[in-house]
Amino acid sequence: MRLRVCLLGLFALIGTSKCSYSPEPDQQRTLPPGWVSLGRLDPEEELSLTFALRQQNLKRLSELVQAVSDPGSPRYGKYLALEDVAQLIRPSPLTLRTVQKWLLAAGARNCHSVTTQDFLTCWLSVRQAELLLPGAEFHRYVGGLEETRVVRSLRPYQLPQALAPHVDFVGGLHRFPPTSSLRQRPAPQVAGTVGLHLGVTPSVIRERYNLTARDVGSGTTNNSQACAQFLEQYFHESDLAEFMRLFGGKFVHQASVSHVVGKQGRGRAGIEASLDVEYLMSAGANISTWVYSNAGRHEAQEPFLQWLLLLSNESALPHVHTVSYGDDEDSLSSAYIQRVNTEFMKAAARGLTLLFASGDSGAGCWSVSGKHRFRPSFPASSPYVTTVGGTSFQNPFRVTNEVADYISGGGFSNVFPQPSYQEEAVAQFLKSSPHLPPSSYFNASGRAYPDVAALSDGYWVVSNGIPIPWVSGTSASTPVFGGILALINEHRILNGHPPLGFLNPRLYQQRGAGLFDVTRGCHESCLNEEVEGEGFCSGPGWDPVTGWGTPNFPALLKTLLNP
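Residues numbered from 1 in each chain as written. Predicted model: local features only at pLDDT ≥ 70, side-chain atom pairs only at ≥ 80, totals over all residues. Heavy atoms only, no water.

Going by the annotation in an unreviewed UniProt entry, the name recorded for the chain is Tripeptidyl-peptidase 1, with Chinchilla lanigera given as the source organism. Recorded under Subunit (unreviewed entry), the UniProt text for the chain is reproduced unchanged: "Monomer. Interacts with CLN5. Interacts with CLN3." Taken from UniProt, the Function (unreviewed entry) comment for the chain reads in full: "Lysosomal serine protease with tripeptidyl-peptidase I activity. May act as a non-specific lysosomal peptidase which generates tripeptides from the breakdown products produced by lysosomal proteinases. Requires substrates with an unsubstituted N-terminus." (UniProt positions renumbered as here; feature names shortened; annotations may be inferred.)

Pasting the structure below:
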């Protein structure tokens, strides 16, 4: 009888506490620093919400990712097409019917799905949305350096219990856009300039990582690379042109971005947006480059979630994607974090290489019941992405060996168990490191990151027509490593091989071959008496500060070219 009442409640949109549930009870709903409410929305205002529908066959998807990503597998490199992924994981007919009837009864309109049918985005009035999602209360907020406006609810929402097998979560309610952690450090003091460089430029990158003038794209393949931006920022083609005029004279490069997905506004350029484009296109020189731009989105949309929807709706995508985005693991709901991880599995099955910045807070720090612990970041902690940490030159003015950058994000996930591909490397680090923090500070059995690193300190960037020095963060190291992998894909494609795809299983099997091992330096953490601001320290082999190390292009190409 109770089931019948609950089902009636589903279609009549009548919810009771016994017949409803909260999909994201553990989602952080506090207002981020720097954000203020502009007041509650008018009930007749329109907003867009995204419904994540329950997928099927996720165990089989995981097995396929392992098979196409493991060089020892006969299926290595035999990636799935988007249509194959859709056939495997699309929601059941019952899920599709149930959710569509529920939304139709609520007055939802202009609903759009994706090729994989596992996301549904619909328009509703605020009144309809708050009736559909009891507990939600939509306000407009403004915050961040760009004075970004978003529509969110700081109150938990409920769904009818009958939807529990069919909906993972609803996007557009809780998560606020990220803020940039890029910083401009003061220039180190030095006497004289003979034989010195005055900051990281494409020439410095290419010298350190052994890229010659010949190490550029051929222009004859369908190879491509991309960066995605979730801040309310733009890049300017004029900045790219000025950057290449100043710093790109010694190598062949493309004059402009090939494809912008999203809207490019006419506002001021952002340093992060400029950095991503300029260094992806100078490390992966002369390779077709896409930019996923968040500008112009509706206020109720989550920028990162919208990017995931784009990946699920395009059959032809760039092979390498670099992303400078992250949130504290503990601030995200379990439903959201697990579903996003599944989206990364879908990308891996299709042979996409996803690179994420490891973050700029070292090991991080938070207090749990009065006790300090390190604070891992997501998506850096996902086992299905390649995470890029940061380094500095040992001598900041010479192209020398690298040491760990103290801001380089790294550590151990509290959500994802350690994947089998890295168990041996992590065990070796834990056994041999002379500087381990107390075991209560981290989950030694969790997914450990980063996987690799590159220079993250002291970059020159051109933004709004002005050359800006000493820009630092793993937002810089990530596009550099991505561009280098795109160059390796270029060689693989010319040799008749598939692109690299999800790199980690191969990377760990080859134990850092083709990378400069970074063995000195520690990153920051909790400022207390127990650890005194020090997290993990780098050492021989893999470590949770710089991963396996930084790219040595000729050696890495040799290592990854075949099969």
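A. Geometry of the UniProt feature "binding site: Ca(2+)" (unreviewed entry) in the chain. As recorded in UniProt, the feature "binding site: Ca(2+)" (unreviewed entry) lies at D517, V518, G541 and D543. A maximum C-alpha distance of 9.7 Å places the annotated residues, which cover 27 residues in sequence, within one compact spot. Along the polypeptide, G541 turns up in the loop between strand 29 (534-537) and strand 30 (550-551). Note on G541: relative accessible area 22%, which makes it partly exposed. Not counting residues up to four positions away in its chain, the partners in contact with G541 are D517, G547 and W548. (Helix = DSSP H or I, 4+ residues; strand = E, 2+ residues; numbered from the N terminus. Buried < 20%, exposed > 50% of the residue type's maximum accessible area, 1.4 Å probe, protein only. Contact = heavy atoms within 4.5 Å.)

B. Geometry of the packing of aromatic side chains. Counting across every chain of the model gives 29 aromatic pairs. Taken together, a centroid distance of 6.2 Å and an interplanar angle of 35° make the contact between F344 and F378 tilted. One end of the pair, F344, is in helix 10 (residues 334-349); the other, F378, is in strand 19 (residues 377-378), and 34 residues separate them in sequence. Of the two residues, F344 and F378, neither departs from the other in class, the shared state being buried. One aromatic cluster is present, built from ring pairs that chain together F304, W307, Y325, F344, F356, F378 and F416. The ring of Y336 carries R175 above its face, with NZ or CZ at 3.8 Å from the centroid. When the ring centre of F119 is taken as origin, the NZ or CZ atom of R339, which lies over that ring, is 4.3 Å away. (Phe/Tyr/Trp six-rings, centres within 6.5 Å; stacked < 30°, edge-to-face > 60°. Lys NZ or Arg CZ within 6 Å of the ring centre and 35° of its normal.)

C. Region of interest: the side chain of S381. Residue placement: S381 occurs in the loop between strand 19 and strand 20 (386-393). A polar side-chain atom of S381 sits 2.7 Å from a polar atom in the side chain of E329. (Polar contact = N/O pair within 3.5 Å; in protein donor to acceptor, adjacent residues only side chain to side chain.)

D. Just the packing of helix 7 (residues 237-247) against helix 8 (residues 271-283), in detail. Across the interface, helix 7 lies against helix 8 with an axial gap of 10 Å and an inter-helix angle of 45°. With respect to helix 8, the element helix 7 is oriented oblique. Like other packed secondary-structure pairs, helix 7 and helix 8 cross with a definite hand, here right-handed. When helix 7 is examined against helix 8, the residues D239, L240, F243 and M244 are found in contact with a partner set consisting of S274, V277, E278, Y279, M281 and S282. Considered class by class, the residues forming the contact of helix 7 with helix 8 number 6 nonpolar, 2 polar and 2 charged. (Axes fitted to C-alpha atoms, helices over the stretch in contact; angles between N-to-C directions. Parallel < 35°, antiparallel > 145°, perpendicular 65-115°, else oblique. Left-handed = near helix turned anticlockwise from the far one by under 90°. Nonpolar A, V, L, I, M, F, W, Y, C, P; charged D, E, K, R; others polar.)

E. The arrangement of the environment of A67 in detail. With respect to the helices and strands, A67 occurs in helix 2 (residues 58-69). Under the relative-accessibility criterion, A67 is labelled buried at 16%. Once the C-alpha coordinates of A67 and E278 are considered, the two residues, 211 residues apart in sequence, prove to be 35 Å apart. Excluding residues that lie within four positions of it along the chain, A67 makes contacts with S73, R75 and Y76.

F. Here's a closer look at helix 3 (residues 82-89). Those residues of helix 3 lying buried are L82, V85, A86, L88 and I89. Buried residues of helix 3, seen end-on, are gathered within an arc of 165° and therefore sit on one face of the element. In this structure, the buried side of helix 3 is in contact with helix 2, helix 9 (303-311) and helix 10. (Arc of directions from axis to C-beta.)

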